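Fold and contact review
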Amino acid sequence: MIELKNVHKAFGKNTVLKGINLKVNKGEVVVILGPSGSGKTTLLRCINFLESADDGELIIGDTKVDFKNATSKEILAVRRRTAMVFQNYNLFNNMNAIENVMEGLVTGRKMPIGRAREIAKQALDKVGLKDKYEAYPLQLSGGQQQRVGIARAIALNPDVILFDEPTSALDPELVGEVLSVMQAVAKEGITMIVVTHEMSFAMDIAQHIIFMADGNIVEEGSPKDIFTNPKEKRTKQFLERILPRWNYSI
Amino acid sequence: MVFDFHYVITSFITAVHYIPVTLALSLIPLFIGIVFGTLIAVCRKFRIRFIAPLADIIIPVVKGIPLVLHLFIMNFLILKPFDLLAQYYAWADVIRFMDKVYIAIIAISIYAVIIISETMRSALMSVSEGQYEACYSVGLTRWQALRRVVLPQVFPVAIPVLGNNLIGLIKGSSVVYLITVVDVMNGALTTAQINYRFLEAYIAAALIYWGICLLTERLFAVWENHMKKYQLGSAKNNLRQEVL
Ligand SMILES: Nc1ncnc2c1ncn2[C@@H]1O[C@H](COP(=O)(O)OP(=O)(O)OP(=O)(O)O)[C@@H](O)[C@H]1O
Ligand SMILES: [Mg+2]
């Protein structure tokens, strides 16, 4: 279980997160929606301390961290319980696919190489890259790179995987392969927090939808609630803009 | 006095013996420069306390001082205290032990550290922030990220520039004749001091420097290609796969 309490974050005078409270149950898939600049990326990055929040609290499993005075030891501990899938993949360019997946296990967690290799192979098989163990990032398509990114995350067996718009840098014809891998990961009961603009993914896979605007959580609920019966005006506006077609079909 | 090629050869033969000195005067500083220059560049990148702000101030200053001045200043800074000590303890011979070559190596090394720290700084900038973030996201520390992911990507980028830095050091090291160190330059001149064939001596020295630099350039090009293969061979393989 992951819980965020009263998270605040400002960049200079620009307050980006204005007291976010969020609870994600084990095995749950949470999708965060919201207009550009609403703070979705910042929120995700605060969870694994790629951004340091100014105030608030993070509870992850039995670890409780105060954002304001987190020690580097605590930060490392949180990072070793989380994993992230980036919009632009960010695979290690100097390593092939299997080395990318092994790195966090071998260097980060001091796992013996043999075991890490087995886990990495399983993870790559799971994302459908059985024949690409030795391929370097430059040799892979965007979709394949992102699937290595997902393998790198699941191999760590983290408490939660954070996805920041994992398909938005992809050519449209490659989006499907990544979404179906994410769907398979979700089915395994791995906790996921996903920022995405893929509404079909949100509707089909998410158990919980969070709608953010201007640094606040405006509304949250089941996909059905949010998509068919949004309560807040802000949510309605956003959905109308992003899903004009859906208004008719629902 | 007519130009006489024979004197070029005489001078050349004498100067060739001092190639090891010139190499020592450039390769040792290169090595020291890579080690400490990388360290300084990394400290500046991570904004390490005290070191980073200090480097921000010192490096632009030291970079603006010509190598000759480094040499003279070092010569003075190191020799003076030794002189005083020698006088005090009445060691007449202490200066002889304190070979000027060491002073030259120290001066050139300081210069090399500064120059190479700038090389490494710009090479470090070629690695995107995303690479660090990916490291952190899988639970690597800053130093692990550097060692495992960042520096292995930095060095291939830095190699051609380091090659130019080395050539600069080789040519720059010729100023050591000013503090009486006998390197290729000074070696060539020793013959001229006897026969007054300065032009011939200069040409002999020029030929040797040119040869060393050419060789250095070639070696670095080979090394660079080797590194490229290791990094981008992937792109080539990709093409091959598509063709097949
Ligand atoms: N490193 C930073 N420095 C300064 N301001 C930043 C930084 N990162 C984000 N911001 C600002 O924070 C606000 C929220 O950005 P964020 O990236 O979290 O939005 P988002 O909801 O992810 O938007 P998008 O849908 O476009 O990705 C924006 O106003 C942005 O300009
Ligand atoms: Mg974003």
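Above this text you will find the structure in question.
Residue positions are counted from 1 within each chain, in the order its sequence is given. The naming scheme follows written order: chains are lettered A onward, ligands numbered 1 onward. Per-residue local features of the predicted model are confined to residues with pLDDT of at least 70, and side-chain atom pairs are confined, for both listing and counting, to 80 or more; whole-chain, interface and lining totals are unaffected and use all residues. For the side-chain quantities, the full set of heavy atoms in the structure was used; hydrogens and water were omitted.

Some points on the packing of helix α5 (residues 142–155) of chain A against helix α6 (residues 172–187) of chain A
Residues and elements named next belong to chain A. Which entries qualify depends on this criterion: Lines fitted to C-alpha atoms define the axes here, with helix axes fitted over just the stretch in contact, and angles between the N-to-C directions of these axes take values from 0 to 180 degrees. Helix numbers and strand numbers start at the N terminus; a helix is a DSSP run of H or I with at least 4 residues, a strand a run of E with at least 2. Here the angle decides the label: under 35 degrees means roughly parallel, over 145 means roughly antiparallel, 65 to 115 means roughly perpendicular, and every other value means oblique. When the near helix sits turned anticlockwise from the far one by under a right angle, the crossing is termed left-handed; a clockwise turn instead gives a right-handed crossing. Note on contacts: a residue pair qualifies if any of its non-hydrogen atoms lie within 4.5 Å across the two residues. Note that Gly is not counted as nonpolar here; it falls among the polar residues with everything else outside the nonpolar set of Ala, Val, Leu, Ile, Met, Phe, Trp, Tyr, Cys and Pro and the charged set of Asp, Glu, Lys and Arg.
Two numbers describe how α5 lies on α6: the axes approach to 8 Å, and their chain directions differ by 15 degrees. Of the possible angle classes, the one that applies to α5 and α6 is roughly parallel. In this structure, α5 crosses over α6, and the sense of that crossing is right-handed. When α5 is examined against α6, the residues G142, G143, Q144, Q146, R147, I150 and I154 are found in contact with a partner set consisting of L174, E177, V178, V181, M182 and V185. Taken together, the residues that form the contact of α5 with α6 break down as seven nonpolar, four polar and two charged.

As for helix α2 (residues 19–45) of chain B
All names here are of chain B. The test is simple: Take the residue count of a helix, subtract one, and multiply by 1.5 Å to get its expected span. Bend angle per residue: angle between axes fitted to the 7 residues ending at that residue and the 7 residues starting there.
Here α2 is 27 residues long and its end C-alpha atoms lie 37 Å apart, about the 39 Å a rise of 1.5 Å per residue gives. The largest bend in α2 is about 25 degrees, located at G33. R47 sits one or two positions beyond α2 and adopts a positive phi of about 50 degrees.

Quick word on the site of ligand 1
Residue and element names in this part refer to chain A. The criterion, for reference: We call a residue near a molecule or strand as soon as one heavy atom of that residue lies within 4 Å of the molecule or strand. Polar contacts, as counted here, are pairs of nitrogen or oxygen atoms within 3.5 Å of one another; within protein the pair requires one atom able to donate a hydrogen and one able to accept it, and residues that are adjacent in sequence qualify only if both atoms are side-chain atoms. Every accessible area reported is derived by Shrake-Rupley at a probe size of 1.4 Å, with residue values counting cover from the shown protein chains alone.
Around ligand 1 sit 13 residues, and of these S36, G37, K40, T41 and T42 come closest. Within the contact set of ligand 1, an oxygen atom lies 2.6 Å away from a side-chain nitrogen or oxygen of T41. Across the complex, the protein chains shield 60% of the 630 Å² of accessible surface that ligand 1 would expose by itself. For the shell around ligand 1, the secondary-structure elements that each account for two or more residues are β2 (14–24) and α1 (40–47). Sorting elements by how many residues they give to the shell around ligand 1 places α1 first, with three residues. Looking at the shell around ligand 1 residue by residue, the classes come out as three nonpolar, eight polar and two charged.

Considering the sheet that holds β2 of chain A
All names here are of chain A. The cut-off we apply is this: Whether two strands pair comes down to DSSP finding at least two bridges between them.
Taken together, four strands build an open sheet; the order of strands is β2-β1-β4-β5 and the sheet is antiparallel. A single partner strand is all that each edge strand has here, and the edge strands are β2 and β5 (63–66). Taking each pair of neighbouring strands and ignoring which way they run, the sheet shows an average axis angle of 15 degrees. In this sheet, β2 lies alongside strand β1 (residues 2–11) in antiparallel orientation, the contact comprising eight bridges.

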